[in-house]
Protein chains: 2
Amino acid sequence: MTTPLRLGIAGLGTVGVGVIKIVRQKANLLAQRTGRPVVITAVSARSRDKDRGVSLSDYAWEDDPVALAKRDDVDVFVELMGGHEGPAKDSIEAAIASGKDVVTANKALLAHHGHALATAAEDKDLVIRFEAAVAGGIPVIKALTEGLAGNDITRVMGVMNGTCNYILTRMQDAGLPYDEVFAEADALGFLEADPNLDVGGIDAGHKLSLLSSIAFGTEVDFDGVELEGIQRISIEDIEQAEDLGYKIKLLGVAQMTGRGLEQRMSPCLVPADSPLGQLKGGTNMVVIEGDAVEQVVLRGPGAGEGPTASAVMGDVCDIARGLRISTFGVPVGTLTKAKSAQSNSPAPYYLHLTLEDKPGALAKIATVLGENGISIDRMRQTRHSDANAPVLIVTHKTQRAALDAAVDAMNATGVMVNAPVALRIETV
Amino acid sequence: MTTPLRLGIAGLGTVGVGVIKIVRQKANLLAQRTGRPVVITAVSARSRDKDRGVSLSDYAWEDDPVALAKRDDVDVFVELMGGHEGPAKDSIEAAIASGKDVVTANKALLAHHGHALATAAEDKDLVIRFEAAVAGGIPVIKALTEGLAGNDITRVMGVMNGTCNYILTRMQDAGLPYDEVFAEADALGFLEADPNLDVGGIDAGHKLSLLSSIAFGTEVDFDGVELEGIQRISIEDIEQAEDLGYKIKLLGVAQMTGRGLEQRMSPCLVPADSPLGQLKGGTNMVVIEGDAVEQVVLRGPGAGEGPTASAVMGDVCDIARGLRISTFGVPVGTLTKAKSAQSNSPAPYYLHLTLEDKPGALAKIATVLGENGISIDRMRQTRHSDANAPVLIVTHKTQRAALDAAVDAMNATGVMVNAPVALRIETV
């Protein structure tokens, strides 16, 4: 089989440029590994003239990615523009309509429209691959879909947003407040155009919803992800957590239970010396648990030109080798509708309360906890420099529902200066 | 495509039984994931009557695995007998000769005969898959061959023998000497029939040689692996290493250099708080470094019924899905002959010397080190209860060749009670 596999690349940011470099520099290696030449025939981006450090002169140019997607000399449409509506969606739809396989790094698009796109692709026996959409360079989708295909997956969890992890570790290492590190991350270009995608946990939630679908054979259900961002995490929380032997991580957990599919993405405390606790900066980690394999842990860079391009090329090479695999691991028609369930597995919680400094305030809080069946493992009042009294509580194991009820009741006591920060403690 | 994929399984130990359980219990799931039923048609093992906890009544029985391999109702020959000669080799050869794909967990066989078998398979457009042969349940071969196909792999390293890691961590945790823990491991059935396969580093070396071939596109070269076992590691070494902030692990490292392919499997000191240092018991870890992806780390169970069967089923599902991939990732004809090179990247070393307790002994050793250009970072004489003086030295970075020369010269001084233990310190 020596027919070349012809790529059309839409989006020439760092990842697109990374893909071009690999295709140019490793032509022989790729041909050896896949059994056929892999070539780029056409590209599209917003600006034709921008200096990207690679020559585009060998490739046809299209201003419109939809036109690129329809070209007869393109076998695989590689979508690296991003965005869950607009050109990315239009061009992928056009690619499928005109019989092209698709490789994309676009988690937002797939989290919102993955099911419809997978259905359209399957109708035409086309594949949509998206290794680069989740956990950067880590071949986690391949591991779940293929390597662990003999397992009933029981749980998937991980740290999947490098920007949040950068902010949290930087706060910790430099002892800087959230706002300052956020501004730093923004200046470094680490944040999405809408920063809430990162710090609000949405980007990581998109990724988790894709992993859930593959892991549990359910339709992607991004709306079913309980989302909580890192915006309210203070340097005090980080320091207190450390003092207790924990780190704070934006952690995603998805598991199928008798009540339905639990999906949550929220800041949690994890043991400081655990693999998750030791994650630094932009590194991602995904933990996969299956009935046969027990537990597999994958760690690697969550973003960046090389790692993301590596993931895109993994998909391209699979297509070149002739691997035809359903978008979410099984035919769309066999995906079940996920019934979304709130997590009710008991866990200890970390509570950071700011109370008005008046007699009886703490007693009211303690009473509320007791009334909701929540017992206190540890409590400390940290300092007392103004009229407010910050109080930190670590509870014994309790269910989320009891905790939520207690938090509501606390907010109604009239002694709270603001809503408490409540973080689950995961003993992974 | 609803033609069933028909497996013939040779070898019904724990792994074979694990595969039978998965095929029986997950028939629907496997059919959904692969697009066709996966069934077992025939089995073979030494004893037909042994109670294995699964019924074999649905399967044809063959006393001879070669006869199983030749059966017309078998599409994939699953070899789970082990051993690098004899029935395993004969039956895989027979399977290939009669047009069957092969899935095997047999690292010893592939390390010795993988090239010949891959050549025979390729001549007939057949595939040989062996995910279960390396690092148990971790889909590491898939990651290397497929997920990271866009990378020039620069280094592969890892802990790949659970028994050695069990012995080393057990010595550490229980403070027990090597001989005692070795006897324990033997009693628990953790050791191969020839224990030297485990503690001599041979089994792990087999695995490393397979990973090297895939990573670097070279013919499997087990003879090129510098092998050193854990037999000489004492509880004192483990305690001293811990005191210095390290753990001792049987670590494999393979990297392509300008001088050739370095492959070594030897006990090393790694930082106690590093992911490798934190590995416990039978858990394996593989670190893959590539020019695009930077570094990916995979961790999971290195052995056991479920994890190994999971890896076998990953291969089976790939074949069911129609993935045809060269045994070592590229066609056999394009594999290059590895030129074996001794590692010469400088590293600090840990030396455990036992000197005769007489004046000038230490001076002679210090002189030898100096003459070989090796400077001492730390030294201590640990205790002194008999006529011998145990001395521990941590050197500054030095090359292996200089260290070997120094060790030879030390042995010639006449003050050494026995050959020194010299362990590389890897700052991974």
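As the structure is a prediction and not an experimental result, all values here were calculated from the model.

## Details of the overall build of chain A
Alright, step 1. Of regular secondary structure, chain A possesses 14 helices and 16 strands.
Alright, step 2. Compactness check: chain A gives a C-alpha radius of gyration of 24 Å against a globular reference of 22 Å for 428 residues, within 12% of the reference.
Alright, step 3. Its C-alpha atoms put chain A at 80 × 45 × 35 Å along the principal axes.
Alright, step 4. Relative to its full complement of 428 residues, chain A shows a buried share of 61%.
Alright, step 5. Sequence-distant contacts in chain A: of pairs separated by 6 or more residues, those separated by 24 or more amount to 73%.
Alright, step 6. Carbon and sulfur atoms form 49% of the exposed surface of chain A, whose accessible area is close to 15400 Å².
Alright, step 7. Put simply, chain A has 40 plus and 55 minus side-chain charges, and the middle of one group is 4 Å from the middle of the other.

## Comments concerning the relation of the copies chain A and chain B
Alright, step 1. With an RMSD of 0.0 Å, the operation that places chain A on chain B is a rotation of 180° combined with a shift of 0.0 Å along the axis. What the rotation and shift describe, once combined, is the action of a two-fold rotation axis. When C-alpha positions in chain A are compared against the rotation axis, the closest is assigned to L298 of chain A, at 2.3 Å.
Alright, step 2. Same-surface contact between copies: 100% of interface residues of chain A are shared with the interface of chain B.

## Quick notes on the sheet that holds strand β1 (residues 5–10) of chain A
Residues and elements named next belong to chain A.
Alright, step 1. Spatially, the six strands line up as an open sheet ordered β3-β2-β1-β4-β5-β6, and their pairing is parallel. At either margin of the open sheet sits one strand with a lone partner, and together these are β3 (60–62) and β6 (128–129).
Alright, step 2. Where β1 and strand β4 (residues 76–79) come together, four bridges link them in parallel fashion. Within β4, the residue paired with G8 across the bridge is F77.
Alright, step 3. Each of β1 and β2 (38–44) touches helix α1 (residues 14–25); the most contacted strand, β2, lies at about 150° to it.

## Some thoughts on the packing of aromatic side chains
All names here are of chain A.
Alright, step 1. With the rule as written, the count across this model stands at six aromatic pairs over all chains.
Alright, step 2. Ring centres of F130 and F328 lie 5.7 Å apart, and the angle between their planes is 55°; this geometry places the pair in the tilted category. Of this pair, F130 sits in the loop between β6 and α6 (140–147) while F328 sits in the loop between α12 (305–321) and β13 (349–356); the two residues are 198 residues apart in sequence, bridging distant segments of the chain. Neither residue differs from the other here; F130 and F328 are each classed as buried.

## A few points about the sheet that holds strand β6 (residues 128–129) of chain B
Residue and element names in this part refer to chain B.
Alright, step 1. What the six strands build is an open sheet, ordered β3-β2-β1-β4-β5-β6; its pairing is parallel. Both edges of this open sheet fall to β3 (60–62) and β6, since each of them pairs with a single strand only.
Alright, step 2. Looking at chain direction, strand β1 (residues 5–10) and strand β2 (residues 38–44) are connected through six bridges and run parallel. Each bridged residue has a counterpart across the sheet, and for G8 the counterpart in β2 is A42.

## Re helix α5 (residues 107–123) of chain B
Residue and element names in this part refer to chain B.
Alright, step 1. Along α5, the largest kink reaches about 80° and is centred on H113.
Alright, step 2. Residues of α5 that are buried: K107, A108, L109, L110, A111, H113, G114, L117, A118 and A121.
Alright, step 3. Elements that come into contact with the buried residues of α5 comprise β4 (76–79), α4 (87–97), β5 (101–104), β6 and α10 (202–216).

## As for the pairing of strand β5 (residues 101–104) of chain A
Residue and element names in this part refer to chain A.
Alright, step 1. Every second residue of β5 is oriented toward a common face, with D101 and V103 on one face and V102 and T104 on the other, all of them buried.
Alright, step 2. The pairing of β4 with β5 spans four bridges and is classified as parallel. The residue bridging F77 from the neighbouring strand is V102, located in β5.
Alright, step 3. Note that the unit made of β4, helix α4 (residues 87–97) and β5 has a crossover that is right-handed.
Alright, step 4. As for the winding sense of the linkage, the β-α-β connection from β5 through helix α5 (residues 107–123) to β6 is right-handed.

## Some thoughts on the UniProt feature "active site" (unreviewed entry) in chain A
Residue and element names in this part refer to chain A.
Alright, step 1. UniProt feature "active site" (unreviewed entry): in the numbering of this structure it lies at K207.
Alright, step 2. Mapped onto the secondary structure, K207 falls in helix α10 (residues 202–216).
Alright, step 3. Apart from the residues lying within four places of it in its own chain, the contact partners of K207 are K107, A133, V134, A135, M160 and N161.
Alright, step 4. There is a polar contact of 2.7 Å between the side chain of K207 and the backbone oxygen of M160.

## Looking at the pairing of strand β13 (residues 349–356) of chain B
All names here are of chain B.
Alright, step 1. Most of β13 is tucked away: seven of the eight residues are buried.
Alright, step 2. As defined by bridge partners, β13 adjoins strand β16 (residues 421–425) across four bridges and the pair is classed as antiparallel. The residue bridging H352 from the neighbouring strand is V421, located in β16.
Alright, step 3. Pairing analysis gives seven bridges linking β13 to strand β15 (residues 388–395), with the strands arranged antiparallel. Across the sheet, H352 pairs through a bridge with L392, a residue of β15.

## Considerations on a negative patch on the surface
Alright, step 1. Negative charge collects at one region of the surface, where D63, D64, E85 and D90 of chain A lie side by side.
Alright, step 2. Inspection of the secondary structure assignment puts D64 of chain A in the loop between β3 and α3 (65–70).

## Details of the pattern of salt bridges
Alright, step 1. All told, the structure shown has 54 salt bridges over all chains when counted by the stated rule.
Alright, step 2. For R264 of chain A, the salt bridge is made with E426 of chain A, and the minimal N-O distance between the two is 2.8 Å. One end of the pair, R264 of chain A, is in strand β10 (residues 260–271); the other, E426 of chain A, is in the segment after β16 (421–425), with 162 residues separating them in the sequence.
Alright, step 3. For R264 of chain A, a relative accessible area of 6% puts it in the buried group.
Alright, step 4. A salt bridge links R378 of chain B to D377 of chain B; the shortest N-O distance between them is 3.9 Å.
Alright, step 5. When its relative accessible area of 38% is taken as the criterion, R378 of chain B is described as partly exposed.

## So, the environment of P4 of chain B
Residues and elements named next belong to chain B.
Alright, step 1. On the secondary structure map, P4 appears in the segment before β1.
Alright, step 2. Taking the C-alpha atoms as reference points, P4 and A254, separated by 250 residues in sequence, lie 40 Å from one another.
Alright, step 3. Discounting chain neighbours no more than four positions away, the residues touching P4 are R36, P37, V39 and D75.

## Remarks on the environment of L269 of chain B
All names here are of chain B.
Alright, step 1. Residue position: L269 is located in strand β10 (residues 260–271).
Alright, step 2. Along the primary structure L269 and V421 are separated by 152 residues, whereas in three dimensions their C-alpha atoms are 12 Å apart.
Alright, step 3. The contacts of L269, once residues within four sequence positions are left out, are A241, Y246, K247, I248, Y350, L423, R424, I425 and E426.

## Concerning the interface of chain A and chain B
Alright, step 1. With 47 residues of chain A at the contact, the number on the chain B side is 47 residues.
Alright, step 2. Approximately 4000 Å² of surface area, both sides summed, lies buried where chain A meets chain B, with 51% of it carried by carbon and sulfur atoms.
Alright, step 3. Three residues stand out in chain A for area buried against chain B, namely R33, R299 and R321 of chain A, and they jointly supply 17% of the buried area on that side.
Alright, step 4. Connecting chain A to chain B are six salt bridges.
Alright, step 5. Here K26 of chain A ties to D152 of chain B by a salt bridge, and the two come within 2.7 Å at their closest N and O atoms.
Alright, step 6. In this structure, the connection of chain A to chain B is made through 20 residue pairs in polar contact (both at pLDDT 80 or more).
Alright, step 7. Within the residue set of the side of chain A that touches chain B, elements represented by two or more residues are α2 (27–34), α6, β12 (294–301) and α12 of chain A.
Alright, step 8. For the side of chain A that touches chain B, the per-class residue count stands at 22 nonpolar, 14 polar and eleven charged.
Alright, step 9. Two elements, β12 of chain A and strand β12 (residues 294–301) of chain B, share three bridges in a ladder whose sense is antiparallel. By the bridge assignment, R299 of chain A is partnered in β12 of chain B with V297 of chain B.

The rules behind each value
- Residues numbered from 1 in each chain as written.
- Chains lettered and ligands numbered in written order.
- Predicted model: local features only at pLDDT ≥ 70, side-chain atom pairs only at ≥ 80, totals over all residues.
- Heavy atoms only, no water.
- Helix = DSSP H or I, 4+ residues; strand = E, 2+ residues; numbered from the N terminus.
- Rg over C-alpha atoms; globule rule 2.2 N^0.38 Å.
- Buried < 20%, exposed > 50% of the residue type's maximum accessible area, 1.4 Å probe, protein only.
- Contact = heavy atoms within 4.5 Å.
- Areas by Shrake-Rupley, 256 points an atom, 1.4 Å probe, with all protein chains shown as cover.
- Lys, Arg positive; Asp, Glu negative; His and termini not counted.
- Charge placed at Lys NZ, Arg CZ, Asp CG, Glu CD.
- Least-squares fit on C-alpha atoms with pLDDT ≥ 70 in both.
- Pairing = 2+ DSSP bridges.
- Axes fitted to C-alpha atoms, helices over the stretch in contact; angles between N-to-C directions.
- Phe/Tyr/Trp six-rings, centres within 6.5 Å; stacked < 30°, edge-to-face > 60°.
- Bend = angle between axes of the 7 residues up to and from the residue.
- Right-handed = clockwise from strand over helix to strand, strands pointing away.
- UniProt positions renumbered as here; feature names shortened; annotations may be inferred.
- Polar contact = N/O pair within 3.5 Å; in protein donor to acceptor, adjacent residues only side chain to side chain.
- Patch = residues over 30% accessible without salt bridge, like charges linked within 9 Å, V, L, I, M, F, W, Y side chains within 5 Å.
- Salt bridge = Lys/Arg side-chain N within 4 Å of Asp/Glu carboxyl O.
- Buried area = accessible area lost by both parts, 1.4 Å probe.
- Nonpolar A, V, L, I, M, F, W, Y, C, P; charged D, E, K, R; others polar.

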